[in-house]
Amino acid sequence: MSHEPTATTVRHSVVVDAPVDKAFKVFTENFGRFKPPEHNLLGVDIAETVFDGRVGGYLFDRGVDGSECRWARILAYEPPNRVVLSWDISPYWQIEKNLDNTSEFEVRFIPEAPGRTRVELEHRNLERHGEGWEGVREGVDGDQGWPLYLARYAELLSS
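For the structure given in this document, a descriptive report is provided here. (Residues numbered from 1 in each chain as written. Predicted model: local features only at pLDDT ≥ 70, side-chain atom pairs only at ≥ 80, totals over all residues. Heavy atoms only, no water.)

**Description of the sheet that holds strand 1 (residues 10-16)**
- Sheet architecture is open: 7 strands sit in the order 1-7-6-5-4-3-2, paired in antiparallel fashion. Where the open sheet ends on each side, the last strands, each with one partner, are strand 1 and strand 2 (46-51). Each neighbouring strand pair of the sheet contributes to a mean axis angle of 20°, computed without reference to strand direction.
- Note: strand 6 (residues 103-113) against strand 7 (residues 116-124), 9 bridges, orientation antiparallel. Across the sheet, the residue bridging to Ile110 is Arg118, located in strand 7.
- Each of strand 1, strand 5 (82-87) and strand 7 is contacted by helix 3 (residues 133-141), which is oriented at about 15° to strand 1, the strand it contacts most. (Pairing = 2+ DSSP bridges. Helix = DSSP H or I, 4+ residues; strand = E, 2+ residues; numbered from the N terminus. Axes fitted to C-alpha atoms, helices over the stretch in contact; angles between N-to-C directions. Contact = heavy atoms within 4.5 Å.)

**A short note on helix 3**
- For helix 3, the complete set of buried residues consists of Trp133, Val136, Arg137, Val140 and Asp141. End-on, the buried residues of helix 3 take up no more than an arc of 115°, which puts them together on one face.
- Check the buried side of helix 3 and you find it contacts strand 1, strand 5, strand 7 and helix 4 (146-158). (Buried < 20%, exposed > 50% of the residue type's maximum accessible area, 1.4 Å probe, protein only. Arc of directions from axis to C-beta.)

Keep in mind these numbers describe shape, not what the thing actually does.
Set out below in structure tokens:
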């Protein structure tokens, strides 16, 4: 996917062989099964990644020592159609404490045919991260970012 150098939105999609309700459920309830374990802001290994499926909940990693890294807030939760989360990770790949400096990503689940769903991910408002925001865009848009997550998610659904 090509982008203009100043694009503040990243879009990726994948079509999966699953009905929309299953596609949504696997994405939210099994996020930790397709999130790369090396994508870790904790000082220890991740024991689990938790997607607290409700507005006001968090997407967070729990370390083997019980520590937690809350790196996304759930802003909209509308099963089985969409979910919107904040991206609370700074351009320095640390938790962003100033919530005005966070972007958001929306995932939509669109039925294409019986048993087939298009999953569209839009990561927007990247400029809110302030100085260095282009690095966030490059990270989430690159081959170790959303394309990797969606490919591993599709593999999980097909297994």
